[in-house]
Amino acid sequence: MKWCQRCVLPDTRPNLSIGTDGVCSACAAFEQRDAIDWQKRQAEFEALVDSVGCLKRDYDCLVPVSGGKDSTWQVVKCLEFGLRPLTVSWRPPARTEIGKRNLDNLIRLGVDHIDFSIKPSVEAAFMRSAFERAGSSGIPMHFAIFAIPLNIAVKFKIPLIVWGENSAIEYGGGVDDRNLTRLNDEWLSRYGVTQGTRISEWYDSNLTEQELRPYTRPEADVLEDRDIQAVFLGHYFQWDPHTSLTVATAHGFSSSEEGPKTGYYAFADIDDDFISVHHWLKWHKFGFTRLFDNLSLEIRHGRISREAALEIIREEGVKPPKSDISAFCKFTGLSLEAFEVICGKYRNMDIWRRVNGIWLLKDFLISDWNWE
Ligand SMILES: [Zn+2]
């Protein structure tokens, strides 16, 4: 396990690589942002707005939203540039109260909205299957959040889909992926958080093709035929969690008063109780947690030093999100014991070892970490 010398991410993170200079691909990508002509990028966005505006469709664009600060920022930007968006969300089975409030707030900004719910029995069976077969409870969610907006765009003949930040930039990724303006199938197979699987690989006796239809994306040629473009707003405007937070807060978005639910931010990962379970598995699989992701962003933006980040990790430690895990087990019908067994099964033996009955990471970021 190698750790970036600038932030606190390891090379076990999917799509992240560490160069010979000891700097990770996410930090390297961040540095290149200074060379970007943001005024030119904004002009490109304005041209895009004009190109869809003149089509005079019912909606100029579709904005996939959760109610989070980034989706609030996406909607504010689209309205600011005179677009008429239809906003679409996948309704998480464990949506939180604050998630509901923020979503209602987003709609009150002045947009139409579709909240797409999937049959709970199918969602529960799919989550359980993904957790058991791939050690990832987040796979169904990621299929849903990409497929639902695309299908609705096809049905409503909406020419443009406006996503937020390109995660290849946010968390490292190949140069070609970082410079991508459009979200396409290839990007989805790498960054769609489905472990590169296609939905058909999840069909079984409990989950039929028909039941998994809401998670199924339209074929690429359908999108091409209808001339539907999907773009990242982060390509046109400089993206930073604090900038989008400031804009979203000024437009009625609330952070959690109870502090962070998982990781470092009280304003992120707060709209769904199961998201923390998805992040928790990273500890077993990759040897880091959401806290490391968030602190790495803070380091890059110059709001915190690497030393201070290490100190925060030391203080916070690594704790499982117990009540969210219980809720997840109840929803999927798993026992807590079975949950632990599955976590153990996905423990990455290339990076973990057991000494005197205690599990520890061979090359952890903090050498004098207390593993007890
Ligand atoms: Zn880094």
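The rules behind these values
Residues numbered from 1 in each chain as written. Predicted model: local features only at pLDDT ≥ 70, side-chain atom pairs only at ≥ 80, totals over all residues. Heavy atoms only, no water. Helix = DSSP H or I, 4+ residues; strand = E, 2+ residues; numbered from the N terminus. Rg over C-alpha atoms; globule rule 2.2 N^0.38 Å. Buried < 20%, exposed > 50% of the residue type's maximum accessible area, 1.4 Å probe, protein only. Contact = heavy atoms within 4.5 Å. Areas by Shrake-Rupley, 256 points an atom, 1.4 Å probe, with all protein chains shown as cover. Lys, Arg positive; Asp, Glu negative; His and termini not counted. Charge placed at Lys NZ, Arg CZ, Asp CG, Glu CD. Core = buried A, V, L, I, M, F, W, Y, C linked by side-chain atoms within 4.5 Å. Domains from an automatic or database assignment. Buried area = accessible area lost by both parts, 1.4 Å probe. Salt bridge = Lys/Arg side-chain N within 4 Å of Asp/Glu carboxyl O. Donors = N, O, S within 2.8 Å, 3.2 Å for Na, K, Ca; no water. Tetrahedral: all angles 85-135°; square planar, octahedral: opposite > 155°, others 65-115°. Phe/Tyr/Trp six-rings, centres within 6.5 Å; stacked < 30°, edge-to-face > 60°. Lys NZ or Arg CZ within 6 Å of the ring centre and 35° of its normal.

Description of the overall build of the chain
Broken down by element type, the chain carries 17 helices and seven strands. What you see for the chain is a C-alpha radius of gyration of 21 Å, in line with the 21 Å of a compact globule of 372 residues. Here the chain, with 372 residues, has 56% of them falling under the buried criterion. The contacts in the chain between residues at least 6 apart in sequence include a share of 74% that link residues at least 24 apart. As displayed, the chain offers around 17,000 Å² of accessible surface, 48% of which is attributable to carbon and sulfur atoms. Taking the average location of the 44 positive side-chain charges in the chain and that of its 53 negative ones, the two points are 2 Å from each other.

What about the nonpolar core?
Of all hydrophobic cores here, the largest spans 47 residues; its most connected members are V8, F292, I313, F339 and F364. Broken down by secondary-structure element, the contributors of at least two residues to this core are helix 1 (25-32), helix 5 (120-134), helix 13 (275-286), helix 14 (290-300), helix 15 (306-316), helix 16 (322-332), helix 17 (336-345) and strand 7 (358-361). Looking at which domains feed residues into this core, each of domain 1 (38-241) and domain 2 (262-361) supplies at least three. Among all residues touching I313, those that are not within four sequence positions of it are V8, L291, F292, L295, L365, I366 and W369. Core analysis: the next-biggest nonpolar cluster, separate from the first, contains 33 residues, M141, I148, W163 and L212 among them.

Notes on the domain arrangement of the chain
By the assigned domains, the chain splits into domain 1 (38-241) and domain 2 (262-361). Contact residues are listed per partner, giving 34 residues for domain 1 and 28 residues for domain 2. Between domain 1 and domain 2, roughly 2,500 Å² of surface is buried when both sides are summed, and carbon and sulfur atoms account for 63% of that area. If you look at where domain 1 meets domain 2, you find one salt bridge.

Here's the deal with the environment of A124
Locating A124 in the fold gives a position in helix 5. For the pair formed by A124 and M141, sequence separation is 17 residues and the distance between their alpha carbons is 11 Å. Each residue touching A124, except ones within four places of it in the same chain, is listed here: F331 and T332.

Structural notes on the coordination of the zinc ion
Bound to the zinc ion on the protein side are C4 (SG), C7 (SG), C24 (SG) and C27 (SG), at distances that span 2.3 to 2.4 Å. For the zinc ion, the four donor atoms are set out with angles of 106 to 113 degrees between them, so the coordination reads as tetrahedral.

Brief notes about the side chain of T289
Along the chain, T289 falls in the loop between helix 13 and helix 14. Judged by its relative accessible area of 12%, T289 is buried.

Considering the packing of aromatic side chains
Across all of its chains, the model carries 28 aromatic pairs by this definition. Judged by centre distance (6.0 Å) and plane angle (35 degrees), the ring pair of W3 and F292 falls under tilted. With W3 in the segment before helix 1 and F292 in helix 14, this residue pair connects regions lying 289 residues apart in the sequence. Just as W3 is buried, F292 falls in that class too. With a centroid separation of 6.0 Å and 55 degrees between ring planes, the pair formed by Y264 and Y265 is classed as tilted. According to the relative accessible area criterion, Y264 is partly exposed, its value standing at 32%. The exposure class of Y265 is buried, given its relative accessible area of 5%. Geometry around F237 places K77 over its ring, the cationic atom sitting 4.5 Å from the centre.

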